[in-house]
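# Residue-level structure breakdown
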Amino acid sequence: MLRSEVREEIFKILFRYPFVEEGEMDEQIALSLEELEAKSESNRQYIKNKVIAILENRSQIDETISNNCEGWNIERIGKAELAIMRIAVYEMLLEEEIVERVAINEAVELTKRYCDEEAKGFVNAILGKIAKNMES
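About the criteria used
Residues numbered from 1 in each chain as written. Predicted model: local features only at pLDDT ≥ 70, side-chain atom pairs only at ≥ 80, totals over all residues. Heavy atoms only, no water. Helix = DSSP H or I, 4+ residues; strand = E, 2+ residues; numbered from the N terminus. Rg over C-alpha atoms; globule rule 2.2 N^0.38 Å. Salt bridge = Lys/Arg side-chain N within 4 Å of Asp/Glu carboxyl O. Patch = residues over 30% accessible without salt bridge, like charges linked within 9 Å, V, L, I, M, F, W, Y side chains within 5 Å. Areas by Shrake-Rupley, 256 points an atom, 1.4 Å probe, with all protein chains shown as cover. Lys, Arg positive; Asp, Glu negative; His and termini not counted. Charge placed at Lys NZ, Arg CZ, Asp CG, Glu CD. Axes fitted to C-alpha atoms, helices over the stretch in contact; angles between N-to-C directions. Parallel < 35°, antiparallel > 145°, perpendicular 65-115°, else oblique. Left-handed = near helix turned anticlockwise from the far one by under 90°. Contact = heavy atoms within 4.5 Å. Nonpolar A, V, L, I, M, F, W, Y, C, P; charged D, E, K, R; others polar.

## Overview of the overall build of the chain
- Each helix and strand counted, the chain has seven helices and zero strands in total.
- Counted from the first residue to the last, the chain has its helices and strands arranged as α-α-α-α-α-α-α.
- On C-alpha atoms alone, the chain measures out to a radius of gyration of 14 Å, which is about the 14 Å that the 2.2 N^0.38 rule sets for 136 residues.
- In terms of overall dimensions, the chain has C-alpha extents of about 40 × 30 × 30 Å along its principal axes.

Okay, structure coming up:
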């Protein structure tokens, strides 16, 4: 799988998070991975590990997003946009091998696919601000 395809599968799992009860996410991850049965075990394991890591670091990720959303409460951000930004912010903060602009570009591409036209500018602006603040 291409890295962009892996991100898309991670997005699909993370998008479910706000809609499931506490403790059901493990089942949702397992169901999603079953749907990827034709993919390699290493890809499925990478997806699972990354989803778990993003959820484990959700407080830090959400705080970073929230701190860079002037005039926006994180609860008002669309669920798809938030899931996409969580992936990118995780990559920007916690994955040294991923270049920030790549994480941002991949997030914008996912936004184009899964959100309305205006969302890509919003996601790009928030992630760009986070990247700029990281440089400071």
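Next comes the rest of the write-up.
## Describing the pattern of salt bridges
- Under the defined criterion, the tally for this structure stands at 13 salt bridges.
- Notably, a salt bridge pairs Arg113 with Glu8, separated by 3.0 Å at the nearest N-O pair. With Arg113 in helix 6 (residues 100–114) and Glu8 in helix 1 (residues 3–16), this pair connects stretches of sequence that are 105 residues apart.
- Between Asp62 and Arg86 there is a salt bridge whose closest N-O contact spans 2.8 Å.

## Remarks on a negative patch on the surface
- Together, Glu21, Glu22, Glu24 and Glu27 give the surface a local cluster of negative charge.
- Position of Glu24 relative to the elements: it lies in the loop between helix 1 and helix 2 (25–35).

## Overview of the packing of helix 2 against helix 3 (residues 41–56)
- One can describe the packing of helix 2 onto helix 3 by two numbers: an axis separation of 10 Å at closest approach and a directional angle of 155 degrees. Put simply, helix 2 runs roughly antiparallel to helix 3. The chirality of how helix 2 crosses helix 3 is right-handed. Counting all contacts with helix 2, which are made through Met25, Ile29 and Leu33, the residues of helix 3 involved are Arg44, Ile47, Lys48, Val51, Ile52 and Leu55.
- Grouping the amino acids of the contact of helix 2 with helix 3 by side-chain chemistry returns seven nonpolar, no polar and two charged.

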